[in-house]
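Observations on chain architecture
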Amino acid sequence: MADGSEPKLDTSPHVSDEVRKTTCYMCACRCGIDVHLRAGPDGRMKVRYIEGNRDHPVNRGVLCAKGAAGIMQHYSPARLMKPLKRTGPRGSGEFREIEWDEALAIATDWLEPIRRDDPRKLAFFTGRDQSQSLTSWWAQQYGTPNYAAHGGFCSVNMAAAGIYTLGGSFWEFGSPDWERTRLFMIFGVAEDHDSNPIKIGIGKLKTNGAKVIGVNPVRTGYNAVADEWVGITPGTDGLFILAMVHELLRTGHVDLDYLCRWTNAPWLIDRNPGASFGLFVRDGDGKALVWDRATNRAQPFDKPGLKPALKGDFQTPDGGRATPVFELMAQKYLEPEYSPDAVAERCGIPAATIKRLAAELADVAFNQAIEIDQPWTDFRGERHETFIGRPVSFHAMRGISAHSNGFQTCRALHILQILLGAVECPGGFRFKPPYPKPVEAHPTPHCDVTADCPLNGPHLGFPRSPDDLALAEDGSPARIDKAFTWENPLSVHGLMHMVISNAAARDPYGIEVLFMYMANMAWNSSMNVAGVMEMLTAKDESGEYKIPKIIYSDAYSSEMVAYADLVLPDTTYLERHDCISLLDRPICEADAVADAIRWPVVEPATQAEGRDVRGFQSVLIDLGARLGLPGFVDGEGKAKYRDYADYMVNHERRPGIGPLAGWRGKDGDQFGRGEPNPEQLDRYIENGGFWMAHLPEEARFFKPFNAAYQEWAVGMGFFDKPQPFVFQLYVEPMRKFQLAAEGHGERQPPDHLRDRIKASFDPLAVWWEPFEQAAVDTSEYPLHAITQRPAAMYHSWGTQNAWLRQIHGQNPLYVHGSVMEAHGLKDGDWAYVISHHGRIKVPVARNDALNPHTVWTWNAIGKREGAWAVDPKAPEAQKGFLLNHLMHELLPPRGDGLRWSNSDPITGQAAWYDLRVRIEKAEPGAEVSEPRFGRQKSPVGQGPDRVAYGEGWE
Ligand code: SF4
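Source: prediction; values computed, not measured.

1. Looking at the site of the ligand
Near the ligand the following residues occur: Cys24, Met26, Cys27, Cys29, Arg30, Cys31, Leu63, Cys64, Lys66, Gly67, Ser195 and Asn196. Where the shell around the ligand is concerned, the elements lending two or more residues are helix H1 (65–68) and helix H7 (195–208). Broken down by class, the residue content of the shell around the ligand amounts to 7 nonpolar, 3 polar and 2 charged.

2. A short note on the sheet that holds strand S11 (residues 228–230)
Pairing is parallel across the open sheet formed by 4 strands, whose spatial order is S11-S10-S9-S19. The open sheet has two edge strands with one neighbour each: S11 and strand S19 (392–396). Averaged over all pairs of adjacent strands, the angle between their axes in this sheet comes to 15 degrees, without regard to strand direction. Pairing of strand S9 (residues 183–187) with strand S10 (residues 211–215), which is carried by 5 bridges, proceeds in the parallel orientation. If you follow methionine 185 over to S10, its bridge partner there is isoleucine 213.

3. Here's the deal with the nonpolar core
In this structure, Trp138, Phe515 and Leu813 are the most contacted members of the largest nonpolar core, which totals 170 residues. Those residues in contact with tryptophan 138, other than ones at most four positions away along the chain, are Leu111, Leu122, Phe124, Phe515, Leu620, Leu623, Gly624, Leu627, Leu629 and Phe632. Core analysis: the next-biggest nonpolar cluster, separate from the first, contains 134 residues, Met158, Phe280, Leu471 and Ala740 among them.

4. Describing the pattern of salt bridges
Summed over all chains, the structure comprises 62 salt bridges. As a salt-bridge pair, lysine 206 and aspartate 227 come within 3.4 Å of each other at their nearest N and O atoms. Taken together, the residues span a long stretch of sequence, with lysine 206 in helix H7 and aspartate 227 in the loop between helix H8 (221–224) and S11 at a distance of 21 residues. Of the residues examined, lysine 206 reaches a relative accessible area of 36% and is grouped as partly exposed. Aspartate 227 sits in the partly exposed class, given a relative accessible area of 44%. Note that aspartate 540 is salt-bridged to arginine 506, the shortest N-O span being 3.1 Å. Highlighted residues: aspartate 540 in the loop between helix H17 (529–537) and strand S22 (549–554) and arginine 506 in the loop between helix H16 (496–505) and strand S21 (513–517), separated in sequence by 34 residues. One continuous salt-bridge network, built from bridges that share partners, spans Arg30, Glu172, Asp584 and Arg585.

5. A short note on helix H21 (residues 707–716)
With 7 of 10 residues buried, H21 lies mostly within the body of the structure. Check the buried side of H21 and you find it contacts strand S17 (370–377), strand S25 (592–598) and strand S26 (690–694). Two or three places before alanine 708, at the opening of H21, asparagine 706 has a side-chain oxygen 2.9 Å from that residue's backbone nitrogen.

6. A word on the sheet that holds strand S24 (residues 578–580)
One open sheet accounts for 3 strands, arranged S24-S25-S26; its pairing is antiparallel. Every interior strand has two partners, whereas the edge strands, S24 and S26, have only one. Across the sheet, the mean angle separating the axes of adjacent strands is 10 degrees when strand polarity is ignored. Across 3 bridges, S24 lies against S25 in antiparallel orientation. Among the inter-strand pairings, isoleucine 580 is bridged to a residue of S25, identified as alanine 596.

7. Observations concerning the pairing of strand S14 (residues 297–300)
Pairing of strand S13 (residues 289–292) with S14 involves 4 bridges; the strand directions are antiparallel. Residue tryptophan 291 lies in a different strand from S14, and its bridge partner there is alanine 298. Where S13 folds back onto S14 in an antiparallel hairpin, the turn is made up of 4 residues, including asparagine 296, whose phi is positive at roughly 55 degrees.

8. Focus on the environment of tryptophan 868
Mapped onto the fold, tryptophan 868 is located in the loop between strand S31 (854–858) and helix H27 (875–878). Placed 791 residues apart in sequence, tryptophan 868 and proline 77 show a C-alpha to C-alpha distance of 8.0 Å. If sequence neighbours within four positions are ignored, tryptophan 868 has contacts with Ala78, Asn520, Tyr556, Ser557, Ser558, Glu559, Ser796, Trp797, Gln800 and Lys863. A polar contact of 2.7 Å, which involves the side chain of tryptophan 868, links it to the side chain of glutamate 559.

9. Side note on unusual backbone geometry
In this model, proline 433 is joined to proline 434 through a cis peptide bond whose omega is 15 degrees. Turning to its location among the elements, proline 434 is positioned in the loop between strand S20 (429–431) and H16. Here tyrosine 435 and proline 436 are connected by a cis peptide whose omega angle stands at 5 degrees. As for its position among the elements, proline 436 is in the loop between S20 and H16. One non-glycine residue, asparagine 528, lies in positive phi territory at about 50 degrees. Within the secondary structure, asparagine 528 sits in the loop between S21 and H17.

10. So, the packing of H16 against H17
Orientation of H16 relative to H17, taken along the N-to-C sense of each, is 45 degrees, at an axis distance of 9 Å. Overall, the two elements H16 and H17 adopt an arrangement that is oblique. Every pair of crossing elements has a handedness; the one defined by H16 and H17 is left-handed. In this structure, H16 contributes Ile500, Ser501 and Ala504 to the contact, and H17 contributes Val532, Met535 and Leu536. For the contact of H16 with H17, the residue count by class is 5 nonpolar, 1 polar and no charged.

How each quantity is defined
Throughout this document, residue positions are counted from 1 along each chain, in the order its sequence is written. For a predicted model such as this one, the threshold for reporting local features is a pLDDT of at least 70, and the threshold for listing and counting side-chain atom pairs is 80 or more; totals across whole chains, interfaces and linings nevertheless cover every residue. To get the side-chain values, take all heavy atoms of the structure and skip hydrogens and water. A molecule or strand has a residue near it when one of that residue's heavy atoms lies within 4 Å. Strands are runs of DSSP state E lasting at least 2 residues, helices are runs of H or I lasting at least 4, and numbering of each runs from the N terminus. Any residue that is not Ala, Val, Leu, Ile, Met, Phe, Trp, Tyr, Cys, Pro, Asp, Glu, Lys or Arg is counted as polar, Gly included; the first ten are nonpolar and the last four charged. In this scheme, strands are said to pair when DSSP sees at least two bridges between them. Axis geometry follows a simple rule: fit a line to the C-alpha atoms, using only the stretch in contact for helices, then measure angles between N-to-C directions, giving values from 0 to 180 degrees. Residues enter a nonpolar core if they are buried and are Ala, Val, Leu, Ile, Met, Phe, Trp, Tyr or Cys, with the set joined through side-chain atoms within 4.5 Å. Exposure categories follow from relative accessible area, calculated using a 1.4 Å probe and restricted to protein chains: below 20% of the type maximum is buried, above 50% is exposed, and the middle band is partly exposed. Two residues qualify as a contact provided that any one of their heavy atoms is within 4.5 Å of a heavy atom in the partner residue. The term salt bridge refers to a pairing of a side-chain nitrogen on Lys or Arg with a carboxyl oxygen on Asp or Glu at a separation within 4 Å. Polar contacts, as counted here, are pairs of nitrogen or oxygen atoms within 3.5 Å of one another; within protein the pair requires one atom able to donate a hydrogen and one able to accept it, and residues that are adjacent in sequence qualify only if both atoms are side-chain atoms. The cut-offs work like this: below 35 degrees is roughly parallel, past 145 is roughly antiparallel, 65 to 115 is roughly perpendicular, and the gaps in between are oblique. In a left-handed crossing the near helix is turned counterclockwise from the far helix by less than a right angle, and in a right-handed crossing that turn is clockwise.

By themselves these figures say nothing about function.
Here it is as structure tokens:
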């Protein structure tokens, strides 16, 4: 100080009056948070600040920028205030505020008659919600087959490939063994799933001296801190992985013991021409057979003491010929087309690098193997004295998934993991309970509709053969999104991105009500955005909307709100109950099981304050009761659940199994199974908002094969009986689709799809050129265009958040220096980006940490003028942009009279990352991004210049 005195600092300021612990929802990671509250001048508790919960199994106290900015999400000016009924034309944004009674009466009036008449007329799709075990059950009780969440355009390739191969996927379903891994390879990861655990994990690896290799066309985020960055060309990950598989097989670096015991590598494949060619050879009980070298005969794979053959040509009990999976696999991947030299140029990775990386993987897996002294017994009854570990682990997400070859690419990565013996072992990738679960533990899809009745089973599932497709009797699609049809048989998450176009085209049939939750389809959650806006407002000859009624629920005034006829305003995540349920997906870590809740840590604003919103899940339960849906009403037709909190405690999916696994039973002393406990939520709140139980020591590794784990899982209610299984290098259900395409079986694909199914449904992973790349003239569109998820944003929610906007207020197109120079561009210039479908105008910036054939930008920063209460002159609305305008859900015409889908032919996953473009320098002029769609009228208007939440606090 100028007078020489010491400044007076308050080192212990009065931060909060109370701390309440709940679960973050600023991205999909589900971290535990401590919400500090302080009484405001009006006496009401207000959020003062948010920090990480140090005891929480997901984040251990770590909080990211998004999580801390949850306070601005809660006090956002973009929050919807009251239910709304459209008064102007659809899309105009003109609404009348209504009371909840009227809103729920309208929804009931719309939904009740179509359930009595034809429940298919409701299409109910949800976006990034975390309550899918409730929403799917509600839709099932309603009786419509038209339900899914948003996985079809997110990462269904990853989910499906994982379940069919390993019984679980990357994502948040498992994690690398961060303590023991010595080499970690990460592919195309979105920083909104398993986000803080990966950051914490990479920190541990760095501390332990392990090596991190990032494989991504762009060096940002995790790739920026990787020890080695592999700047791969988009869409070639599968080829790169299979070249490493080639190298491992060529050099003999595979874990033969692991393959024999824990995988279907020795299972015999029928080689006799006919309807069973390529299927597993099975005994009379349906058990797959292996060739036992000890007895020189075929034996069931799960018999103890076998010495299975991995190669050879054998005579089966019925006199036919059979070959082990491993031999077919080795023959395939040792072909020269998979050699590093053959793939290097296409992948943009030197052959020597591919060979070195394969050698590094092998060296760490086999020369630095781990052994943990812990006796355990496998499902065959064989005793082992140790757990043997391969300290190599992988993680991957949307970057390798959102391609038209994404399913097989994800399969290829799992094959690589398995060959190294690096799944479920110490040091490798390990699942979080209740995963892994074999395909057999999952349902098949259901689509049988009866008026006024529930659907005949769960909508979504894992087809085992063409018999499980969702087809009507005449072979037409049973679902509005055409999921589970011959065009995309394994669309296990549905196809949300096709709902609006199919409904507007009334193909395969028209619907009456489109009901959506948290899905910004009129902006960043669609391809062909302008086309989708047109479809949402399209009218037929009689002047009626082709999609007659749209109900939309969201907490914020997104671009989609203007296209709704009825808006049901949701609460923020700090104001409501929520259930992070094991019926949906796991949280936690591989050594434990956990679930969690959200609860109203802040009292919802009241009607008197002019904001009257309700948690969507409670609204759905209310609607279920008003509609008299089975399960939502008691024997007298009265509402069974008061609200979502009541449902979370009292709903039983099976006797003793409910949404929450902790503190079950009358006295709250049971876990996993047990009757409802009326005080269950209190116990969660006392425990910091979560429940966790550790695995017994003997059950910690090799879960699918480990008898102790299986027994523990049955006790927890994951299964009703042990479900041991082995990893599937060769996926037999895929061969069944190929057989159909070859003409075998009752259900036959249309002729125009036969060749595609034969080629794409290879039961061993293969690679093909991304469809858009094959469909366009690549000399006209020489560049790949992709997006990256910024660490500070979770889709369009983040770009209206007063704090997060200061990190990413706009998004230039990042262009490699060589391309900038070739086009005479410098930082800050504007360029046109042109695809086969459209043209956008964007600002550019140089970025050399980039695959030179690729341009990229941050995801979902651009906003439509007027939406989200953001100033229409703000950079997000003027300079921000979306690549979505360049994409179309269909590929360009290729002269055969058909428009083929821009998606993976196996799962239907939208191929966002297949986009091909060229750029052209824009002449100096107005520096605004294009296309422009005019200012949207928002029911919440424009926010204030200054968002203040602590007025009146000292
Ligand atoms: S990683 Fe996601 S869930 Fe965790 S604190 Fe950040 S925003 Fe919240």
